[in-house]
Number of protein chains: 6
Amino acid sequence: MLEVVTAGEPLVALVPQEPGHLRGKRLLEVYVGGAEVNVAVALARLGVKVGFVGRVGEDELGAMVEERLRAEGVDLTHFRRAPGFTGLYLREYLPLGQGRVFYYRKGSAGSALAPGAFDPDYLEGVRFLHLSGITPALSPEARAFSLWAMEEAKRRGVRVSLDVNYRQTLWPPEEARGFLERALPGVDLLFLSEEEAELLFGRVEEALRALSAPEVVLKRGAKGAWAFVDGRRAEGSAFVVEAVDPVGAGDAFAAGYLAGAVWGLPVEERLRLANLLGASVAASRGDHEGAPYREDLEVLLKATQTFMR
Amino acid sequence: MLEVVTAGEPLVALVPQEPGHLRGKRLLEVYVGGAEVNVAVALARLGVKVGFVGRVGEDELGAMVEERLRAEGVDLTHFRRAPGFTGLYLREYLPLGQGRVFYYRKGSAGSALAPGAFDPDYLEGVRFLHLSGITPALSPEARAFSLWAMEEAKRRGVRVSLDVNYRQTLWPPEEARGFLERALPGVDLLFLSEEEAELLFGRVEEALRALSAPEVVLKRGAKGAWAFVDGRRAEGSAFVVEAVDPVGAGDAFAAGYLAGAVWGLPVEERLRLANLLGASVAASRGDHEGAPYREDLEVLLKATQTFMR
Amino acid sequence: MLEVVTAGEPLVALVPQEPGHLRGKRLLEVYVGGAEVNVAVALARLGVKVGFVGRVGEDELGAMVEERLRAEGVDLTHFRRAPGFTGLYLREYLPLGQGRVFYYRKGSAGSALAPGAFDPDYLEGVRFLHLSGITPALSPEARAFSLWAMEEAKRRGVRVSLDVNYRQTLWPPEEARGFLERALPGVDLLFLSEEEAELLFGRVEEALRALSAPEVVLKRGAKGAWAFVDGRRAEGSAFVVEAVDPVGAGDAFAAGYLAGAVWGLPVEERLRLANLLGASVAASRGDHEGAPYREDLEVLLKATQTFMR
Amino acid sequence: MLEVVTAGEPLVALVPQEPGHLRGKRLLEVYVGGAEVNVAVALARLGVKVGFVGRVGEDELGAMVEERLRAEGVDLTHFRRAPGFTGLYLREYLPLGQGRVFYYRKGSAGSALAPGAFDPDYLEGVRFLHLSGITPALSPEARAFSLWAMEEAKRRGVRVSLDVNYRQTLWPPEEARGFLERALPGVDLLFLSEEEAELLFGRVEEALRALSAPEVVLKRGAKGAWAFVDGRRAEGSAFVVEAVDPVGAGDAFAAGYLAGAVWGLPVEERLRLANLLGASVAASRGDHEGAPYREDLEVLLKATQTFMR
Amino acid sequence: MLEVVTAGEPLVALVPQEPGHLRGKRLLEVYVGGAEVNVAVALARLGVKVGFVGRVGEDELGAMVEERLRAEGVDLTHFRRAPGFTGLYLREYLPLGQGRVFYYRKGSAGSALAPGAFDPDYLEGVRFLHLSGITPALSPEARAFSLWAMEEAKRRGVRVSLDVNYRQTLWPPEEARGFLERALPGVDLLFLSEEEAELLFGRVEEALRALSAPEVVLKRGAKGAWAFVDGRRAEGSAFVVEAVDPVGAGDAFAAGYLAGAVWGLPVEERLRLANLLGASVAASRGDHEGAPYREDLEVLLKATQTFMR
Amino acid sequence: MLEVVTAGEPLVALVPQEPGHLRGKRLLEVYVGGAEVNVAVALARLGVKVGFVGRVGEDELGAMVEERLRAEGVDLTHFRRAPGFTGLYLREYLPLGQGRVFYYRKGSAGSALAPGAFDPDYLEGVRFLHLSGITPALSPEARAFSLWAMEEAKRRGVRVSLDVNYRQTLWPPEEARGFLERALPGVDLLFLSEEEAELLFGRVEEALRALSAPEVVLKRGAKGAWAFVDGRRAEGSAFVVEAVDPVGAGDAFAAGYLAGAVWGLPVEERLRLANLLGASVAASRGDHEGAPYREDLEVLLKATQTFMR
């Protein structure tokens, strides 16, 4: 019996080994990524039973994604190789930190999610369905898919987790806001960063007012995170690490929080686990390579005082 | 004053360092490519004055293409960075030789060539306009561009060179045949491989009958090449090299032949130069990295007997 | 329902990137290996349903083996992480071809196989149980395990395949001969190389007389292979490839032959498949990295004439 | 019309990938460098029209320098390949930061600069001629060249910029002082570091008194920089970055200041740009690889508060 | 005449190039190590005449150890290649710092040290015999060897230095304590870390009381070190460096202290040298790669104020 | 007691990892080389007691050379670090095989050999003094050194071996011929290639007539080698290997022949050993990295039939 199901578009990331503009690079490292793939891998490493719903192309990058998910022990009952290509993206880091991302995902096999894309009975008995705000930004069908999947989850008593994951290059703020308002009644657990709150609602307070899900987790960067549950605000300190590659840290954060929720941990422990996973992924190259395994947790949490601000 | 102008879509190639399926690779090498870019670079290295007409995106891969062409001394008066993305492709070699190519070029900035894409007076005084059969396969506009450019060349007394470069994944044989028939009256020099001849016309003889340009060069792989000029058939032996990465060898072959034509060499010498360049590119990684420089030619041609079958 | 089950000790191989004595190397590549692991992976890539029975340590190399087998889709119902360490070995190639292997496997978790190590009902309905002559060389218990597994297979109508795989550093010829004589009545399909035949029996003819299983496949190196079935000798030509890393080629050969047998192919086709797989693995680095996928076969077999001597 | 012209000796740098003594290294990275080359590249990336005057050998390293300058869009009207070799140097970083430089530049083609080495009309209409204190240290002819070029600039109303760039291994302090005193009347803009001031004049105050050019920029390391203009002292804070490879940071600093001057920015903005460029180059490997492009500036300057001490 | 002799088991270390679990790595770097080998190399680099007593296998890793020691100028009169294998170990660093070590040393050639393993007259005239607490943990014979060697040293007026080097995976605390009590009367100089003190004796004070050698050096991590000599406590500040690979830092620390003692430096200078060497090794990859050479010391000690807390 | 002494200039070689012009390379491999260093290392690996006489700079490349020679067990009694720099060179291979070498050795510490550079009593009891034709080409002093060393050898009954090693870029043919004529009376064993014979004397026969030393070995490339001893011509077949990096193969050939002479092998065996060593070095990267060790010989010579043409 699965504990978490997540759905979305897998991507392959191409990343230079050294900081600097891509134009000067001759070698790129290849990583499997995609927000929901990252969440699935991080959960599986913690021993949470997790299934991933999605599609990749019948090409080599699709095979790469499939092998990675299988290797990590993610359930693939509703994962499919489909006609079309697997989305990819290139990213760069510059010496002073900024840098750009270049997507090659438009029209990909993975973006072709629509209502009915999987048998919703797959959700029976599952604790959480986790989605991100990237999928609804891909196409009208994918948006409909997101709402449909949330409804099917609701119908089966599955709690819905949504990571806002706002991507400016995929849709304008007003569209994203529209989707969030539409989806909100179905959301039990919402992940939101301060930056997203400001981009979408102007101010954090405004965003928190607009997005009043039963459980809201606000990621505040180096200041840690807040969780609003049952009218109470819990705090979690950030871990101090040198961020080698921040991509995927937010996904690992969500996975850590979800694992804590599945295990019935109190909210402060959920936040601690979330921050631990986020720090671990940020401190290593790749989109989820740094996610810890269950057997690492004891040592890591013991060492926690070293990392807590 | 330029001697050759070529036009087409630049691409960036991502290639694993070792043979084997892409799914198992963690590092990819990055090369600048695209058939006409390869021709332009190979000509520039030989000291032929060459201009490249085309577009790339306003992204980092576009900057990479531009820097490479500028470094090689190709004239870029009608090269442009344009909105949109720069096309790329991944390729693999398998241990026993086969392997696949995966394109990410649909809708790219580089494929948006149309009649009027450059000021045709750029062709004034030029010896050859070189095009490939890839451009007309990209879109109806690009097909129109190819015919338009050939007409503008003709009008100015510029000889037109066309490399058939048939790509099965871009268009069906009958469409390609249609284009060739339409274009043929404007073509002065045609490059064709035996494999293309068979794919498009069933038999080599048939292809040669159908494609009776004033000068036709038939590439016969390890058997060398034939040039049909003024009703005479000249032969050129292939160079025996271990093909490390055959991509781009045909482009270098065309460049070698064109350079010989620009320099007024007899047809046998043109073929010898063509085979030399083709072998040199096939024997090294990258789409044109192995193209020799003018100062290499003396040594290479002296060493020729070693390589001639 | 599984079609093949194989059992043995997984190993991790550490291999320099360039030829030369290990003493001068600063970087080693890491590969998953072990004869039966290689067979399992090669079968899984061809789409044969295969299970692997064995153990690795509760260490990182054990996790590496497990992830690889899971990624490749091998059934792991009777694969276990166990106390102890995972065996490893270093190998080198010298410029003129020779080179040595250094084992660190004595007392490993993987060598602790004994009768009862898995539930023999796992073999119900399986077509082949495949073993190698390495396991019985590891310890008396492992030898007993081999005979026990063969008996359990026989009892369930499962055909037994045995690759002689003689390792001089693990046991003397007379012990190996003793085991083979003891095991032979239970063997339906025997793989043997000319070199092994000479080491163990002095002459090939002598070996063939002594080892008269119903189906015997004699690997003759560059001369190809013979299969003796029903009193008939079938021949298979070797593929001509540059051997980049011959380790694992024999395992892939066995896997190709077994796949052909599972699919009911005639013996000549089995040999062809066996030679194809062996060549593909020999032509690439790693112990099974070069094993082809089912979807590669069509192209590869078409290209066969190129490779056939 | 060029905005800046610079002249000097290009060098090729060979640098290990990891800290540690060179004696233990087996791989070296290759970078194009030389103080004035670095300034030219950094200016060109910012969109300043810049020409480089100098020579390299007719060898491969010379070709490498030429290709790099051409790729970056530097004007090469008075750049020449000449008989002789291209200078190179090896450098190392040790784990605790110190390390040595080993020059192979004595007698190089690039050091053969003498009065008349280029047509001084090249300077017509140019805003700045930029030189460094390395060239006059190379030979008496090169010293004469520096003074000659400054005079020709003066004659044409071109402002002269001089970076002291004192190299202890090339000449003793008294010779350098002598040159500076001789050159000073022709210098409009002088770059000097605190360390240089102390080596050459004992104390910073002393150096500032001796070197009273109309505009003097004093680089004070982590303490930022001071610019003395029109009897006023402007301050610029340093950017806090982890220095990965400090070589070239001073050259980038000068380029940033010069760009600001060309663009008519107020002195505080010139310093800010200078510090930004210096930090960006120090934070990445290579002698100028980290120099930002014009399109990076907006993001970088926005992010500035993060970096400002 | 040798100044220091050390004895122990050489090891080869296999280390991934990037942080992260070993299971995900495809390349490992190879380093020569082993606590006493590290001490010997660090001393040799400082110009101290040092001999290493020990054994390695007749395999390639043994040849690697021998070449490294010979290259560094360590005296090898009583170093031997012996039947058996050379011990190795794999280590990993995780993104948040923890990580595991996996030994393959049980039964190695190097662990077979026993009384009489070398001619004790080798110690004549030597200033220090340096041993570590790893050797007595390898086997009863190796424990006897340690005591025997200390006695032979005593008999010849050679001072005995012992680094506690407690390895939990090799023996339990009570056994280690037993050995230390047994050995203590023969020890002139003892190295101990706070962590070891707590593991073995519960509290640092307790350890210091129990281990009252004439000279005791307590390593206190980032807090520096204390030396207790003649009833006086001297302090040495730690150097602040980013620890890239802490393995071997303690060995380098001991070597620095020993070198200072050989040179007759006052205790504060010995500590300064010890901290300098420890920092230098911790700041670079490999088990002793970062150890400085005598000619580095002047610059390093001058730069000391930068590093001192 | 040494068996062979050799003297000359050590060099460090910088070599790209892939074929292609140096201008396009970003990484260079570092190898220790120099003809006589190569001979010394190859002899030491075979167990021949060999001393190397020469100098390198007090720089890091000099330290690299010294460590390598010490690691290989070469006697360094008359090896010195001296003021000045260590010579280096860059080389490249092009896809079709040609390529250039760029020297940075003029004025190096290593080229400063002159009569009296070592105590000639070092030669007492030695079997062979081996020199190459490179040293006399470096400077008049170095030429005098060569003749002086040969005389000192003669005086002590040491046989003199000279490898012609003609380098066109160092001196013209007539000067080299002059030296050879001057030196010949002192030469007992001369190594000469067909190519050198033609460059220096026009025809091989002419060279053999002019250079009539008691023992002359003529290297004939793929055709093998001839040895003229006592009026008899012995033949040795070449080994067929793929030449990965031919530099140093001639030095290894000389070392193999010398080892055979030291061991008193018949001339055919000397040639076989010479060819074996030459092939082994040619088949691997680096100037002597591929030289085999004594313990390799048995296997290699057994495998010989595979390699003999």
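Residues numbered from 1 in each chain as written. Chains lettered and ligands numbered in written order. Predicted model: local features only at pLDDT ≥ 70, side-chain atom pairs only at ≥ 80, totals over all residues. Heavy atoms only, no water.

Looking at an unreviewed UniProt entry, one finds chain A named 2-keto-3-deoxygluconokinase and attributed to Thermus thermophilus. According to the UniProt record, the Sequence similarities (unreviewed entry) comment for chain A is "Belongs to the carbohydrate kinase PfkB family." Reading the Subunit (unreviewed entry) entry of the UniProt record for chain A gives the comment "Homohexamer; trimer of dimers." (UniProt positions renumbered as here; feature names shortened; annotations may be inferred.)

Student: Sorry if this is basic, but what is going on with the overall build of chain A here?
Tutor: When you go through chain A residue by residue, the secondary structure sums to ten helices and 13 strands. Here the C-alpha radius of gyration of chain A, 18 Å, is about what a compact globule of 309 residues would show, namely 19 Å. If you line up chain A on its principal axes, its C-alpha atoms span 50 × 45 × 40 Å. By sequence separation, contacts in chain A at least 24 residues apart represent 72% of the contacts at least 6 residues apart. A total of about 11,100 Å² of accessible surface is found on chain A, and carbon and sulfur atoms cover 50% of it. (Helix = DSSP H or I, 4+ residues; strand = E, 2+ residues; numbered from the N terminus. Rg over C-alpha atoms; globule rule 2.2 N^0.38 Å. Contact = heavy atoms within 4.5 Å. Areas by Shrake-Rupley, 256 points an atom, 1.4 Å probe, with all protein chains shown as cover.)

Student: Can you walk me through the interface of chain A and chain B in this structure?
Tutor: Where interface size is quoted, it is often the accessible area lost as the parts come together. Facing 26 residues of chain A, the contacting portion of chain B comprises 26 residues. At the boundary of chain A with chain B, total buried surface from both sides reaches about 2,300 Å², with 60% on carbon and sulfur atoms. Among the residues of chain A in contact with chain B, Arg23(A), Glu60(A) and Tyr104(A) are the three that bury the most area, contributing 34% of the side total. On inspection of chain A and its partner chain B, the count reaches four salt bridges. Arg23(A) is the salt-bridge partner of Glu60(B), the closest N and O atoms lying 2.9 Å from each other. Linking chain A to chain B there are eleven residue pairs in polar contact (both at pLDDT 80 or more). (Buried area = accessible area lost by both parts, 1.4 Å probe. Salt bridge = Lys/Arg side-chain N within 4 Å of Asp/Glu carboxyl O. Polar contact = N/O pair within 3.5 Å; in protein donor to acceptor, adjacent residues only side chain to side chain.)

Student: Honestly, the relation of the copies chain F and chain B in this entry has me stumped. Any pointers?
Tutor: One copy of the chain maps onto the second through a rotation around an axis plus a translation along that axis. When chain F is fitted to chain B, the residual RMSD is 0.0 Å, and the transformation amounts to a turn of 120° plus an axial shift of 0.0 Å. With respect to symmetry, the two chain copies, as superposed, fit the operation of a three-fold axis. Of the C-alpha atoms belonging to chain F, the one lying closest to the rotation axis is found on Glu242(F), 6.7 Å away. Each copy contacts the other with its own distinct surface, as only 12% of the interface residues of chain F are interface residues in chain B too. (Least-squares fit on C-alpha atoms with pLDDT ≥ 70 in both.)

Student: Got a minute to help me understand the environment of Glu9(A) in this structure?
Tutor: Residue and element names in this part refer to chain A. If you trace the backbone, Glu9 turns up in the loop between strand E1 (4–7) and strand E2 (11–16). Look at Glu9 and you get buried, because its relative accessible area is 3%. In this structure the side chain of Glu9 is engaged in a polar contact, spanning 2.9 Å, whose partner is the side chain of Arg105. A distance of 2.6 Å separates polar atoms of two side chains, one belonging to Glu9 and the other to Ser108. (Buried < 20%, exposed > 50% of the residue type's maximum accessible area, 1.4 Å probe, protein only.)

Student: Hey, could you run me through the interface of chain F and chain B in this one?
Tutor: Taken residue by residue, the interface counts eight residues in chain F and 15 residues in chain B. Each partner contributes to the roughly 910 Å² buried at the junction of chain F and chain B, and carbon and sulfur atoms together form 64% of this total. Considering only the side of chain F, the residues that lose the most area to chain B are Pro95(F), Leu96(F) and Gln98(F), jointly responsible for 60% of the buried surface there. Scanning the region where chain F abuts chain B turns up one salt bridge. A salt bridge links Arg23(F) to Glu295(B), with the shortest nitrogen-to-oxygen separation between them at 3.5 Å. Inspection of the chain F/chain B interface yields one residue pair in polar contact (both at pLDDT 80 or more). Of the residues assigned to the side of chain F that touches chain B, the class counts are three nonpolar, two polar and three charged. (Nonpolar A, V, L, I, M, F, W, Y, C, P; charged D, E, K, R; others polar.)

Student: Teacher, can you tell me more about the UniProt feature "domain: Carbohydrate kinase PfkB" (unreviewed entry) in chain A here?
Tutor: Mapped onto this structure's residue numbering, the UniProt feature "domain: Carbohydrate kinase PfkB" (unreviewed entry) falls at residues 26–290 of chain A. End-to-end, the C-alpha atoms of residues 26–290 of chain A are 25 Å apart, and along that stretch the chain is 36% helix and 22% strand.

Student: Sorry if this is basic, but what is going on with the pairing of strand E3 (residues 27–33) of chain F here?
Tutor: Two faces, one strand: in a regular strand the side chains alternate between the faces of the sheet. Where burial is concerned, most of E3(F) is hidden: six out of the seven residues are buried. Of the strand pairs in this sheet, strand E3 (residues 27–33) of chain D and E3(F) are connected by three bridges, and their pairing is antiparallel. Across the sheet, the residue bridging to Leu27(D) is Glu29(F), located in E3(F). Examined bridge by bridge, strand E2 (residues 11–16) of chain F and E3(F) share six bridges and lie antiparallel to one another. By the bridge assignment, Val12(F) is partnered in E3(F) with Val32(F). (Pairing = 2+ DSSP bridges.)

Student: When you look at helix H2 (residues 60–71) of chain B in this model, what are you seeing that I'm missing?
Tutor: Since the α-helix advances by 3.6 residues per turn, residues separated by three or four positions end up pointing in the same direction. Residue and element names in this part refer to chain B. Between the first and last C-alpha of H2 there are 16 Å, a value that for twelve residues agrees with the 16 Å anticipated at 1.5 Å per step. Those residues of H2 lying buried are Glu60, Leu61, Gly62, Ala63, Met64, Val65, Glu66, Glu67, Arg68, Leu69 and Ala71. Downstream of H2 by a residue or two, Gly73 has a phi angle that is positive, lying close to 85°. (Expected span 1.5 Å × (residues − 1).)

Student: Help me understand the sheet that holds strand E3 (residues 27–33) of chain C, please; the structure alone is not making it clear to me.
Tutor: Adjacent strands of a sheet form backbone hydrogen bonds with each other and so pair up, either parallel or antiparallel. A sheet is described by the order of its strands in space; here eight strands give the open sequence E7(C)-E6(C)-E2(C)-E3(C)-E3(E)-E2(E)-E6(E)-E7(E), paired in mixed fashion. In this open sheet, the two strands that pair with only one neighbour each are strand E7 (101–104) of chain C together with strand E7 (101–104) of chain E. Sheet twist, expressed as the average angle between the axes of neighbouring strands with direction ignored, equals 25°. Across the sheet, helix H2 (residues 60–71) of chain E lies against strand E6 (88–91) and E7 of chain C together with strand E2 (11–16), strand E3 (27–33) and strand E6 (88–91) of chain E, angled at about 55° from E3(E), the strand it touches most. (Axes fitted to C-alpha atoms, helices over the stretch in contact; angles between N-to-C directions.)

Student: What exactly am I supposed to notice about the packing of helix H8 (residues 267–282) of chain B against helix H9 (residues 294–302) of chain B here?
Tutor: Each pair of packed helices can be summarised by the angle the axes make with each other and by the distance between the axes. All names here are of chain B. At a minimum axis distance of 11 Å, the contact between H8 and H9 shows a crossing angle of 100°. Classified by the angle their axes make, H8 and H9 are roughly perpendicular. In this structure, H8 contributes Arg272, Leu273 and Leu276 to the contact, and H9 contributes Leu297, Leu300 and Leu301. A per-class count over the contact of H8 with H9 returns five nonpolar, no polar and one charged. (Parallel < 35°, antiparallel > 145°, perpendicular 65-115°, else oblique.)

Student: It is not clear to me how the pairing of strand E5 (residues 79–82) of chain B should be interpreted in this structure. Could you clarify?
Tutor: All names here are of chain B. Note: strand E4 (residues 50–57) against E5, four bridges, orientation parallel. Bridge pairing links Val56 to Arg81 in E5. The parallel pair E4 and E5, bridged by H2, forms a crossover whose chirality is right-handed. (Right-handed = clockwise from strand over helix to strand, strands pointing away.)

Student: What's the story with the packing of aromatic side chains in this structure? I'm lost.
Tutor: Taken as a whole and judged by the stated rule, the model has 69 aromatic pairs over all chains. Judged by centre distance (6.0 Å) and plane angle (40°), the ring pair of Phe145(B) and Trp148(B) falls under tilted. One end of the pair is Phe145(B) and the other is Trp148(B), both in helix H3 (residues 140–155) and three residues apart, which spans about a single turn. Each member of the pair, Phe145(B) as well as Trp148(B), carries the same accessibility label: buried. Ring centres of Phe191(F) and Tyr257(F) lie 5.6 Å apart, and the angle between their planes is 85°; this geometry places the pair in the edge-to-face category. Of this pair, Phe191(F) sits in strand E10 (residues 189–193) while Tyr257(F) sits in helix H8 (residues 249–262), placing them 66 residues apart in sequence. Judged by relative accessible area, Phe191(F) falls into the buried class, the value being 0%. Overall, Tyr257(F) belongs to the buried group, its relative accessible area being 0%. Taken together, the aromatic side chains of Phe85(A), Tyr104(A), Phe85(B) and Tyr104(B) make up a single cluster linked through ring pairs. Over the ring of Trp226(B) we find Arg233(B); its NZ or CZ atom is 3.8 Å from the centre of that ring. (Phe/Tyr/Trp six-rings, centres within 6.5 Å; stacked < 30°, edge-to-face > 60°. Lys NZ or Arg CZ within 6 Å of the ring centre and 35° of its normal.)

Student: Would you explain the sheet that holds strand E13 (residues 232–236) of chain D in this entry?
Tutor: Residue and element names in this part refer to chain D. Here nine strands make up an open sheet; going across it, the order is E5-E4-E1-E8-E9-E10-E11-E12-E13 and the pairing mixed. Single-partner strands in this sheet number two, and they are strand E5 (79–82) and E13. Across the sheet, the mean angle from the axis of one strand to that of its neighbour is 15°, orientation sign disregarded.

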